[in-house]
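For reference, the chains in residue letters:
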Amino acid sequence: MDTVVVVGAGGAGFSVARQLSTILDPSKHKLILISARPHFLHLVGCIRAAVNPEGAFEEQVIMPLDKLLVNGNGTIITAEVTAVLEDGDKGGSVTLSNGDTLRWDALVLAPGSHWEGPVEVPNKKSETIEWFKGWQAKFAKAENILLVGGGAVAIEYAGEIKDLDPAKNVTIVHSEAMLLNKAYPDKFRKDLEQRLRTRGVKLLLGDVVPEDAMSSTTITTREGHNLTPDLIIPCRGPRPKTALLAAAFGEDSLTTAGHAKILGTFQLPNHPRVFACGDIADLAEQRQVGKYGSHATVVAKNVLALFNGLAPSEVYKGSLEMIVVTLGKNDGGAYLGLFWGICFGGWFSAKVKARDLLVPKVRGFLGL
């Protein structure tokens, strides 16, 4: 019986496992999903969960995995993978934190990313709830909040903080001359800037907070601005969790930025039974969970081809660039990379994302 092991139950891993559970024959194939958490953590909602206690949102972002696998086709194990071994072209094994060793004929790596600050959430549910409540208390107490970085994470923090208390002083320091990055058109980036300024958020663009000042209450930025924050939130973007991959397949399996080098089939070069997708994959696209269902479709088809004795041939053709950035529950901006690039404002953003942060939709993806 061929066994596929999926490592990680985040946005990419759970999508791969769910799709595989619909196409694998349980009489011929075995599916194992390994998750460090006993639940799915809805990362999109974690900023609100950390900032605002209203509606106990910290409970809503924790979702059970018990209905993820269609018709129960597969097994979910709560553990961390501590080592990966490859046995030539025959597959290999993974060692788990509980001491078990599992054999695999196909391995899908989707471990996600390391984050900073409130969204680097513990694995246990009880610790997660306390984690969010602890941060809620910090945001409630703080009067001068500094957000270091000016991507979507910082923008969404700013919106949630202003929803919590419009009187709080919020400053964003971003190294680029405009918010976000050059993947998005200037008109969209400037629109978000204006929306933040309208809500009283101070923006220091083209400026940097020195690394050695990240824990200080008195900061002088590179451009000479003096700040006195009582809460500093790093928003500098995630780092891919690829240490395990490098240990197993060598440092040359990664790019200089730490992402996994992959073929169009999501296979690792020279390792045809190993796939990498989601945050860790080296792709020329913005890393967003909304794209990972498409990653999963390609991976699932190629795993099945492998088990049927065929060469994987499904190739990822990329995804449309789009983003919805929320500014609290009732404002934000959206961009759709069609035609000349279409921008939407607060009404659209609130309707499609901001009000519930996609909680009902994600629950549906999990079979709940």
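Provided above is the structure to which this section pertains.
Residues numbered from 1 in each chain as written. Predicted model: local features only at pLDDT ≥ 70, side-chain atom pairs only at ≥ 80, totals over all residues. Heavy atoms only, no water.

**Q** Can you walk me through the sheet that holds strand S22 (residues 342-344) in this structure?
**A** Sheet strands pair by backbone hydrogen bonding; their relative direction is either parallel or antiparallel. Spatially, the three strands line up as an open sheet ordered S20-S21-S22, and their pairing is antiparallel. Of all the strands in the sheet, just strand S20 (322-326) and S22 have a single pairing partner and so form its edges. When the angles between neighbouring strand axes are averaged without regard to direction, this sheet yields 10°. One ladder, built from five bridges, connects S20 with strand S21 (residues 332-336); its direction is antiparallel. The partner of Thr326 across the bridge, within S21, is Gly332. In the packing of helix H6 (residues 186-198) onto the sheet, the strands contacted are S20, S21 and S22, and the crossing angle to S21 comes to about 175°. (Pairing = 2+ DSSP bridges. Helix = DSSP H or I, 4+ residues; strand = E, 2+ residues; numbered from the N terminus. Axes fitted to C-alpha atoms, helices over the stretch in contact; angles between N-to-C directions. Contact = heavy atoms within 4.5 Å.)

**Q** How should the sheet that holds strand S5 (residues 75-78) be read in this particular structure?
**A** Strand order in the open sheet formed by six strands is S5-S2-S1-S9-S19-S18, with mixed pairing between adjacent strands. Of all strands in the sheet, those bounded by a partner on one side alone are S5 and strand S18 (267-268). Two strands pair when backbone bridges link them, and strand S1 (residues 2-7) and strand S9 (residues 106-109) are joined in this way by four bridges, in the parallel orientation. Looking across to S9, one finds that Val7 is bridged to Leu109. Lying over the sheet, helix H1 (residues 11-23) contacts S1, strand S2 (29-35) and S9, oriented at roughly 160° with respect to S2.

**Q** How do you make sense of the pairing of strand S13 (residues 202-205) when you look at a structure like this?
**A** Successive side chains on a regular strand alternate, one facing one side of the sheet and the next facing the other. Across four bridges, the pairing between strand S12 (residues 169-174) and S13 is parallel. Bridging from a neighbouring strand, Ile172 pairs with Leu203 of S13. Traced from S12 through H6 to S13, the parallel crossover comes out right-handed. (Right-handed = clockwise from strand over helix to strand, strands pointing away.)

**Q** How do you make sense of the environment of Ala257 when you look at a structure like this?
**A** For Ala257, the location among the structural elements is in the loop between helix H7 (243-249) and S18. By relative accessible area, which is 52% here, Ala257 ends up exposed. (Buried < 20%, exposed > 50% of the residue type's maximum accessible area, 1.4 Å probe, protein only.)

**Q** What exactly am I supposed to notice about the side chain of Asn73 here?
**A** With respect to the secondary-structure elements, Asn73 resides in the loop between strand S4 (62-64) and S5. A polar contact of 3.0 Å, which involves the side chain of Asn73, links it to the backbone oxygen of Ser21. (Polar contact = N/O pair within 3.5 Å; in protein donor to acceptor, adjacent residues only side chain to side chain.)

**Q** What am I meant to see in unusual backbone geometry here?
**A** Residues other than glycine predominantly adopt negative phi, and peptide bonds predominantly adopt the trans conformation. Non-glycine residue Leu357 carries a positive phi angle of around 50°. Here Leu357 lies in the loop between helix H9 (346-354) and helix H10 (359-365). Residue Leu357 is classed as buried on the basis of its relative accessible area of 1%.

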